[in-house]
Amino acid sequence: MYHTVSQFCQEPILFYSKFRVKTVISGHIEETLLQSKLLGPLDEMGRRMVGDRYISMKDAVGQSSFLVVNTDELLDFPRPLTSQWVYIGGIDSKKRSSLSPFWNTILSMRSRSVLVSFGDTLPCRRRKDILLQAFSEIPDITFIWHREDSASLNQSNVVVVQKFPGKDLLADSRVSAIITDGRVESLHDILSGGKPVVCIPSDHMQMRNCHQLGKRGVAAVTDCRDLTPSSVKEMIKQTATTEMRHSAKILSEAVTSKQTSPEERLIRTVEFAAKYGSSVDLHSNDDVGIVQRYHLDVFIPLALLLATVVLLVAWIARSAWDKCKKNRSQEKPKAESGPTADGDSEKPDESSSTEPEGEEAVDESKETE
């Protein structure tokens, strides 16, 4: 089966979706807070130390040759970008290695195993109890839970571990899925592992990542606030479907089959920037106004021209219709007066035609006499 690039790189933009509205609003709020609370004081300090030679942080980013982004382009939202952006997602990912006897023993306990890995913080306080209740109702699956503390959860099918070779475990066929919050640190291992995902985000950035995994068809997503034991069991059931497993495998092949690795891409980018620097003009998004960025200078004149043509055609059609309607109204009285005139002209003929009949009657009476 052949798969085109559009299957992985193209995605329709949901202009009016609830998530998109949240993303735009929160993005502007974060940018304002970042500028006022962090970048603003740093710029003020830099001006006092350097003087007029100081370049603000925002201008420095705009004048940079490249912007290195620690994410994968297959999970990024479609948006207007320049050639400055360089994706190096997964650069800190370790190479796969064989599993130790300890992990082989754990994976051999049951026919299926599911990894559970969340961040260091646990904003969703009720998530632990809900997951344990759901796990207790699925005794035929071993849940390997990565936690910072080694406290036992007192459940036979839940194994708590502190160290977690996620990439090696995801490459094993005995692992069927992973339950995570969608944090950035584990995204590349999840993508390259080729396993379906149960995504339970608890903040905005995690929701963004989980949303993208769900759009690719490799994740079942539910918000932490809507989590219930029944929803957890249903999502685990979804990860066992053929469609989701196939989508996860295809996405894994797409991630691991790139022409250049993140390390090679970063090295080439740094070498290019060091050799040519600012001599190569790579325009930043900040150099382009809103009108040019969204091509309003092209679309607005075209829209006005189209509106003018439509109004002109509508005016011509309306004028033609009014003229036809007026002609019909003028022809109608003539049609009504025409038959009466003809009737009056025919009356003398009738009288004249009756006179010969009277003369013939007189002649006939004379002949009888």
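Thresholds, definitions, all that
- Residues numbered from 1 in each chain as written.
- Predicted model: local features only at pLDDT ≥ 70, side-chain atom pairs only at ≥ 80, totals over all residues.
- Heavy atoms only, no water.
- UniProt positions renumbered as here; feature names shortened; annotations may be inferred.
- Helix = DSSP H or I, 4+ residues; strand = E, 2+ residues; numbered from the N terminus.
- Disulfide = S-S within 2.5 Å.
- Buried < 20%, exposed > 50% of the residue type's maximum accessible area, 1.4 Å probe, protein only.
- Salt bridge = Lys/Arg side-chain N within 4 Å of Asp/Glu carboxyl O.
- Patch = residues over 30% accessible without salt bridge, like charges linked within 9 Å, V, L, I, M, F, W, Y side chains within 5 Å.
- Areas by Shrake-Rupley, 256 points an atom, 1.4 Å probe, with all protein chains shown as cover.

Q: Is there a simple way to think about the UniProt feature "transmembrane region" (unreviewed entry) in the protein chain in this case?
A: Under the UniProt annotation, the feature "transmembrane region" (unreviewed entry) is placed at residues 298-317. Helix makes up 100% of residues 298-317 and strand makes up 0%, while its end C-alpha atoms are separated by 29 Å.

Q: I keep staring at the state of the cysteines and nothing clicks. Help me out?
A: One way to say it: the disulfide is the covalent bond shared by the sulfur atoms of two cysteines. Applying the stated criterion across every chain, the model contains one disulfide. Disulfide pairing places Cys199 opposite Cys210 at an S-S distance of 2.0 Å. For the disulfide bridge between Cys199 and Cys210, the dihedral angle about the S-S bond is near -60°, and by the sign convention the bridge is left-handed. Here Cys199, found in strand 7 (residues 197-199), pairs with Cys210, found in helix 8 (residues 204-215); they are 11 residues apart in sequence, far enough to count as distant. Exposure class is identical for Cys199 and Cys210. Each is buried.

Q: When you look at the pattern of salt bridges in this model, what are you seeing that I'm missing?
A: Pairing between side chains of opposite charge can happen when their charged atoms approach one another. Enumeration according to the criterion identifies seven salt bridges in this entry. Glu73 serves as the salt-bridge partner of Arg265, at 3.5 Å between the closest nitrogen and oxygen. With Arg265 in helix 11 (residues 262-276) and Glu73 in the loop between strand 1 (67-69) and strand 2 (85-87), the pair connects residues that are 192 residues apart, well separated along the chain.

Q: Can you walk me through a nonpolar patch on the surface in this structure?
A: Taken together, Ile290, Val291, Tyr294, Leu296, Ile300 and Leu304 make up a surface patch of nonpolar side chains, about 580 Å² in accessible area. Mapped by element, the contributors of at least two residues to the nonpolar patch are helix 12 (290-293) and helix 13 (296-368). Top element by residues in the nonpolar patch is helix 13. It accounts for three residues. The residue Ile300 is located in helix 13 in this model.

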